[in-house]
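What the coordinates show
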Amino acid sequence: MSTLIKNGTVIGPTGPYAADVLVDGETIAAIFAPGQAPDGPEVIDAGGKYVIPGAVDAHTHMELPFGGTAASDTFDTGTRAAAIGGTTTIIDFAVQRYGEVVQDGLAAWHAKAAGNCHIDYGFHMILGGVDDDSLKAMDQLVGTEGITSFKLFMAYPGVFYSDDGQILRAMQKARDNGALIMMHAENGPAIDVLVKQALERGETDPIHHGLTRPQELEAEATSRAIWLASVAADCPLYIVHLSASKALEQVKAARDLGRNVFAETCPQYLYLTLEDQLGAPGFEGAKWVCSTPLRSKHESHRADLWQGLRTNDLSVVSTDHCPFCMKDQKELGVGDFSKIPNGIGSVEHRVDLLYQGVVDGKLSLARWVETIATTPARMFGMYPKKGIIAPGSDADIVLYDPNGRTRISVETHHMNMDHSAWEGWEIGGKVDTVLSRGEVIASGGEYTGRAGRGKYVPRSLSDYLV
Ligand code: URP
Ligand code: ZN
Ligand code: ZN
């Protein structure tokens, strides 16, 4: 069946242009100058709307066991919420725990996702223990499983932490097999000292989560990761959830030297702050406990991150969607901030939150689309299947209404959370219609997709590999 998306303004990585988009089955068949398409297909009128590629969220944690509990969105609830918000592909993190066979961890993630997803999905692999077996497994995952990126942690000693020797070995392996190393760059052992000292002083409120993770320890780890990658024959490196000005400086300096270093940030670091959210009265701040943490509004982090997005020192905006309810989950840390499960849920809101950057004059339309769709698809080997409106690409398409308005609330969101980190936020735009592989799965606020329609997408090597 073919459909013509007519009268809209397509946003490509080079900017907006008027065009009609012909969808045939699951893919885009052709792009016509306005009014030039042949008659016949069913028409979706996109007059007054932006026609953008379905967004790609390259950092989610559905059902992640973490902090003594598990992230509250399943692949069913989380991908449905993502779809409603204009995200048509996620890349979730499969986990190998320390001592576990990597392939078993991957199989467990396939079992969680299969038959439950509303949109297409891929996996990165978290390596919880770098040793001879897991290094060998990296080759197999790249070669036959479509997993071409691996996350390592310089934080969370005793949970996911890898030491510098392990990191170097994994980077050397990635340099050989073409994989991308994704790094959680915070100095975990030093943070643990600060956490212990804070608790001994009786500092137990959520804000101390942020105060014990100073930006210097993010910058130091970012710099160390960059130098380790340099030693590993310039292994490509992608810093996840970058939150702080000093960490961004490290990335920028490396990129200015021509190094293959990339970074993402997340909406929470672009808008929210240590004082206003993490420092909310009582235990309220627990809603915003995540790592890396929210940063001080008295420093220039948010302005620097927006600038980094414009200059491409930050290439991607992902959510790091890792939702926990207040009840029974965040509450585990009442009286001890270090026991609050780390994570914020935003998978439904990233397209809107970044569009607000366009409204506020901080991002161009083209850069909006690049950072939420095109670059993540390219960075993680899904392009041109995903991330672009072009003939031959999957017909993952969002009609975005710049004259609409979105008000975010726990009363109306679809994520499985008992609160919203974005309660009351107003966006000057609205997701109108969402197509996933040619099928309209959301329109005018009505969801029409179904669990199980989403397919696993094996990924190629990154487009940014040299
Ligand atoms: O707070 C966070 N970011 N939770 C998810 C795990 C991670 O480190 O990405
Ligand atoms: Zn992380
Ligand atoms: Zn994460």
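The notes below deal with the structure included here. (Residues numbered from 1 in each chain as written. Chains lettered and ligands numbered in written order. Predicted model: local features only at pLDDT ≥ 70, side-chain atom pairs only at ≥ 80, totals over all residues. Heavy atoms only, no water.)

1. Thoughts on the overall build of the protein
For the record, the criterion: The secondary structure listing takes helices from DSSP runs of H or I that are at least 4 residues long and strands from runs of E that are at least 2 residues long, numbered from the N terminus. The globule rule is 2.2 Å times the number of residues to the power 0.38, and the radius of gyration it is compared with is taken over C-alpha atoms. Partly exposed describes any residue whose relative accessible area lies between the buried limit of under 20% and the exposed limit of over 50%, with all areas from a 1.4 Å probe on protein chains only and scaled to the type maximum. In what follows, residue pairs with any heavy atoms lying within 4.5 Å of each other are defined as contacts. Computed by Shrake-Rupley with a 1.4 Å probe, the accessible areas treat only the displayed protein chains as cover when residues are assessed. Only four residue types enter the charge count, namely Lys and Arg as positive and Asp and Glu as negative; His and the chain termini do not. A single reference atom marks each charge: NZ on Lys, CZ on Arg, CG on Asp, CD on Glu.
Regarding its fold elements, the protein presents 13 helices and 21 strands. For 466 residues, the compact-globule estimate of 2.2 N^0.38 gives 23 Å, and the protein sits close to it at 21 Å. Each principal axis of the C-alpha distribution contributes one length, and for the protein these read about 70 × 50 × 40 Å. Burial statistics for the protein: of 466 residues in total, 61% are counted as buried. The contacts in the protein between residues at least 6 apart in sequence include a share of 76% that link residues at least 24 apart. As displayed, the protein offers around 16100 Å² of accessible surface, 50% of which is attributable to carbon and sulfur atoms. A gap of 2 Å separates the mean positions of the 40 positive and 59 negative side-chain charges of the protein.

2. Quick look at the coordination of the zinc ion (ligand 2)
The condition that has to hold: For Na, K and Ca the donor cut-off is 3.2 Å, while for other metals it is 2.8 Å, and in both cases only N, O and S atoms qualify; water is not among them, so sites may look incomplete.
Distances from the zinc ion (ligand 2) to its protein donors, namely K151 (NZ), H184 (ND1) and H241 (NE2), fall within the range 2.1 to 2.2 Å. We note that the donor set of the zinc ion (ligand 2) lies within a single chain, spaced as K-x32-H-x56-H. The metal-metal distance between the zinc ion (ligand 2) and the zinc ion (ligand 3) is 4.0 Å. Of this pair, H184 sits in strand β12 (residues 180-184) while H241 sits in the loop between β13 (237-239) and α8 (245-256); the two residues are 57 residues apart in sequence, bridging distant segments of the chain. Take H184 and H241: they sit in the same class, and that class is buried.

3. Examining the packing of aromatic side chains
Using the following cut-off: Ring pairs are drawn from Phe, Tyr and Trp, using the six-membered ring of Trp, whenever the two centres fall within 6.5 Å, and their geometry is named by plane angle: stacked under 30 degrees, edge-to-face over 60, tilted for the rest.
Scanning the entire structure with this criterion turns up 18 aromatic pairs. Consider the rings of Y50 and Y355, whose centres lie 6.4 Å apart with planes at 55 degrees: the pair is tilted. Here Y355 lies in helix α12 (residues 350-359) and Y50 lies in strand β5 (residues 50-53), a separation of 305 residues in the sequence. Taking the centre distance of 6.0 Å and the plane angle of 20 degrees together, the rings of F66 and F160 count as stacked.

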